[in-house]
Amino acid sequence: MAHNLSSNTSDLAARLLTDSHDELGDEERRVLENIAAGRLTSRDADEVATERATFGERLADRVAAVGGSWHFIIAFTAVLLGWMVINTDILQHFGIAFDPYPYIFLNLMLSTLAAVQAPIIMMSQNRQASKDRIAAQLDYETNLRAELEILRLHEKVDLLVCQRLDRIEARLDHLPQTVEKPAKPD
């Protein structure tokens, strides 16, 4: 079966792509093998990207999703305002404010958060770019498969038309000699 599959893909490569099997790229070879085997080629880009994702990449996606949401912005704003109110009004009134105005400790924590969050968001953006490349590759494979299938259908239709014309021509040859035959085209 493996040899038959290889000869089928070589035949398809030569007939439809006018390249030898060895000259094909990975995508073309994979599409031809799926056509020869009769398998579907459509895959979900998100599923493929998720299968390939590492733990760190999935974590970066989650952090970016949380950090880029309105819930986070509202909660973070509430925490900041609470911090300022507690350290300015409440704890300072009792003389035990641990981070009085100008909130140096708060600024340190915000700088640390920004320093950690920025590369994590960049990792998530890189992963999204990777997903886009996977989607483009899968789109290419699907489009190539569709084009090759259309070419195969054209071949089949052309073959059927030629066979039909041959049968019509054979019937015309059997007609009585009294009926004038049309001239054969050159």
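Look up a bit, the structure's there.
Attention here is on the structure that accompanies the text.

What counts and what doesn't
- Residues numbered from 1 in each chain as written.
- Predicted model: local features only at pLDDT ≥ 70, side-chain atom pairs only at ≥ 80, totals over all residues.
- Heavy atoms only, no water.
- Helix = DSSP H or I, 4+ residues; strand = E, 2+ residues; numbered from the N terminus.
- Buried < 20%, exposed > 50% of the residue type's maximum accessible area, 1.4 Å probe, protein only.
- Contact = heavy atoms within 4.5 Å.
- Areas by Shrake-Rupley, 256 points an atom, 1.4 Å probe, with all protein chains shown as cover.
- Salt bridge = Lys/Arg side-chain N within 4 Å of Asp/Glu carboxyl O.
- Axes fitted to C-alpha atoms, helices over the stretch in contact; angles between N-to-C directions.
- Parallel < 35°, antiparallel > 145°, perpendicular 65-115°, else oblique.
- Left-handed = near helix turned anticlockwise from the far one by under 90°.

Another point: the overall build of the protein. Secondary structure summary: the protein contains 6 helices and 0 strands in total. Ordering the α and β elements of the protein from the N terminus gives α-α-α-α-α-α. When burial is assessed residue by residue, the protein has 22% of its 186 residues classed as buried. Taking the intrachain contacts of the protein between residues at least 6 apart in sequence as the baseline, contacts between residues at least 24 apart amount to 61%. For the protein, the exposed surface amounts to about 13700 Å²; the carbon and sulfur share of it is 62%.

The next thing to look at is unusual backbone geometry. Cis geometry is adopted by the peptide bond preceding Pro-102, which originates at Tyr-101 and carries an omega value of 20 degrees. Looking at the secondary structure, you find Pro-102 in the loop between helix H5 (70–94) and helix H6 (104–173).

Under the defined criterion, the tally for this structure stands at 6 salt bridges. Across the salt bridge formed by Asp-46 and Lys-131, the nearest N and O atoms sit 3.3 Å from each other. Taken together, the residues Asp-46 in helix H3 (residues 45–52) and Lys-131 in helix H6 connect sequence positions 85 residues apart. The salt bridge partner of Glu-149 is Arg-145, with a shortest N-O separation of 3.1 Å. With Glu-149 and Arg-145 both in helix H6 and 4 residues apart, the pair spans about one turn of that helix. In this structure Glu-149 comes out as partly exposed when scored by relative accessible area, which is 25%. Relative accessible area serves as the criterion here: at 14%, Arg-145 is assigned to the buried category. The structure contains a network of salt bridges with shared partners spanning Arg-145, Glu-149 and Arg-152.

Now for the packing of H3 against H6. In the contact formed by H3 and H6, the axes pass within 9 Å of each other and the chain directions differ by 130 degrees. Here H3 is positioned oblique relative to H6, judged by the angle of their axes. Between H3 and H6 lies a crossing whose hand is right-handed. Residues Ala-45, Asp-46, Val-48, Ala-49, Thr-50 and Arg-52 of H3 form the contact with H6, whose own contacting residues are Arg-127, Lys-131, Ile-134, Ala-135 and Leu-138.

By the element assignment, Asn-34 lies in helix H2 (residues 26–37). Once you skip the residues sitting within four places of it in the chain, Asn-34 turns out to touch Arg-39, Leu-40, Thr-41 and Arg-145.

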